[in-house]
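# Residue-level structure breakdown
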Amino acid sequence: MKRITLLLSLCILVLYGCGESVRITALQTEYQTNPLGIDVGEPRFSWQMESDEYGAAQTAYRVVVAKDMSLLEKGEYVFDTDKTVSDVSIGIVYDGAPLEAATRYFWKVMVWNEKCEMYESDPEWFETGLMEQGWSDAQWIGSSQPFFSKYRSHYNIDYDLQIENGSKSGVFVFGYQDDDNYVKAELNVAGDKPVFTISHITDGSRVEDFSANLPFIGKDKINETHHISLKVWALDYALGYRIKVTIDNTSLNKDWIVARPYPQGVWKPYCRFNQIGFAQPDGDNALFSNIKVTEDVWKTTLYTNNTEFREKGTGKINLFSPADESGAPMLRKSIDIAGSLKSARLYTTARGIYEYFINGQRVGNDYFNPGSTDYRYRIMYNTYDITDLLIDGDNVIGAQLGSGWWSDFTGFATAWQDQFGLNLSLLAKIILTYENGEKEIIVSDGSWKVYDRGPILSNSMQNGEDYDARRDVKDWSTNKYDDSQWTGVTIFDAPADSVEIQYYIGTPIQNNIILKAQSVTEPEEGV
């Protein structure tokens, strides 16, 4: 009985050993599996040979490439290495007919092992990007309104102030977090000479940072309109602020006014822009007007308000939030598809980051595209297969922009703000291929519409995202939505010719794991 069992075991081993034990796997083009949108004229191929046997080795290979699957099966190739004696299986360079832009190619590899047995891989594909075809006159589009965040740390505030006859002061507030934390700028005309002071209120306690007499404002001018300019530049980590003051074109301080309302190591977004307003003392009335917020790096006006604010002195702070009047730009374009669609590709990039929606569905699984780059030299673009998102008839392409690595804060130091620009903009090209072979090209241009009062009030790599659900725009990327209140996009200048717009290199950021809470507790009720 033991001899029979042993014989059966040997037979099983022999049969197992005689089965096919070599597999050709992990086919990659340009070190990616089925890459979509590569701009390499001579891509490199690689693969792996797997075997259950010891001593297995590749001794030769043959790589073949065709323009479609049927041609690959027929043996009509655009590239054929022929049988090449080599154990190399990585970095095999394409050397066939010139690759065409926006075209899918299919390829496979045959491998010979140490026994001169040939094994063939399953077919894989790669698809070229725009290459020499270019962007077909696509334009950079966006909103004329800069995406203004309340967390800004470098800004200028200009306003006009007229103190009412019989009143003593006019008080402007900025950097407001709450009633116990803000900065105030006060023009007081009660004494022999008018005085201008800067004070900060921290946790309810007032500290005077600066005071200057104003001899150029005589008694006969105290009730005239005076123009006040505040240049604010935060210290690192927003633990303090620096201010320069100019009144009626007269500079009050050559050196920066420096104040540190919070000790080192205690972080609060104190010297951010936050909110602005007025804090008229009881009985003191004043007129504030021509409020403007600008920045010096890109010489951009962030906010203007020509309203006349007649403030009655009640001792309370009257606030408003200029930054909340803008939102992340939302762009949309309606297109009509008439006919049977074979394929559709979206090629796109942004100065900033973007998310696309087509007929209400999000495009792709990536986040923060087109990724971090040095915009002075190169901008990467992404390619998407949007065939399944489009329908026969009316369709809507929607895109929403964010600051990303282009603008806002990109580092811990507050000086790392708006490194490359302020206005966010989008570049897009869509190629529709119909079953009858006809192609239609749609690009970003002046026919698109924009809305900049949406729910995303601010977003940056350091400060996160502020989302006001009350401003949510339902169905904005579907054909159900009425966009008659939207405006035409602004066309922005293209980058310099020296800036390369190249296909995306690397692995995109994706959310692949969601961790669910195992329990939820409240240390205190409501906390």
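To keep things clear, this report deals only with the structure shown in the data block. These figures come from a predicted structure and were not determined experimentally.

### Things to note about the pattern of salt bridges
With the rule as written, the count across this model stands at 21 salt bridges. Between E30 and R44 there is a salt bridge; the shortest N-O distance is 2.8 Å. Of the two residues, E30 sits in the loop between β1 (22-29) and β2 (36-38) while R44 sits in strand β3 (residues 44-51), which places them 14 residues apart along the sequence. Sharing partners across several salt bridges, the network here consists of R104, E127, R345 and D385.

### Digging into the environment of I491
Among the secondary structure elements, I491 is positioned in strand β39 (residues 490-492). Exposure remark for I491: the relative accessible area of 37% places this residue in the partly exposed category. Along the primary structure I491 and W140 are separated by 351 residues, whereas in three dimensions their C-alpha atoms are 5.8 Å apart. Once you skip the residues sitting within four places of it in the chain, I491 turns out to touch Q139, W140, I141, D445 and G446.

### Some remarks on the side chain of S403
Locating S403 in the fold gives a position in the loop between β32 (393-402) and β33 (425-434). In this view, S403 contacts F147, G352, I353, D408, L424 and N459; residues no more than four positions away in its chain are not counted.

### A few points about the environment of E73
With respect to the helices and strands, the residue E73 is situated in helix α2 (residues 69-74). With relative accessibility at 64%, the residue E73 sits in the exposed group. C-alpha of E73 to C-alpha of F106: the two residues are 33 residues apart in sequence and 9.9 Å apart in space.

### Considering the sheet that holds strand β13 (residues 169-178)
Taken in spatial order, the six strands make up an open sheet running β16-β15-β14-β13-β21-β25, and their pairing is antiparallel. Both outer strands of the open sheet, β16 (205-213) and β25 (318-320), are each paired with one neighbouring strand and no more. With direction set aside, neighbouring strand axes in the sheet form an average angle of 20 degrees. Note that strand β21 (residues 275-278) and β25 share three bridges and pair antiparallel. Of the residues in β25, the one forming a bridge with I276 is F320.

The rules behind each value
Residues numbered from 1 in each chain as written. Predicted model: local features only at pLDDT ≥ 70, side-chain atom pairs only at ≥ 80, totals over all residues. Heavy atoms only, no water. Salt bridge = Lys/Arg side-chain N within 4 Å of Asp/Glu carboxyl O. Helix = DSSP H or I, 4+ residues; strand = E, 2+ residues; numbered from the N terminus. Buried < 20%, exposed > 50% of the residue type's maximum accessible area, 1.4 Å probe, protein only. Contact = heavy atoms within 4.5 Å. Pairing = 2+ DSSP bridges. Axes fitted to C-alpha atoms, helices over the stretch in contact; angles between N-to-C directions.

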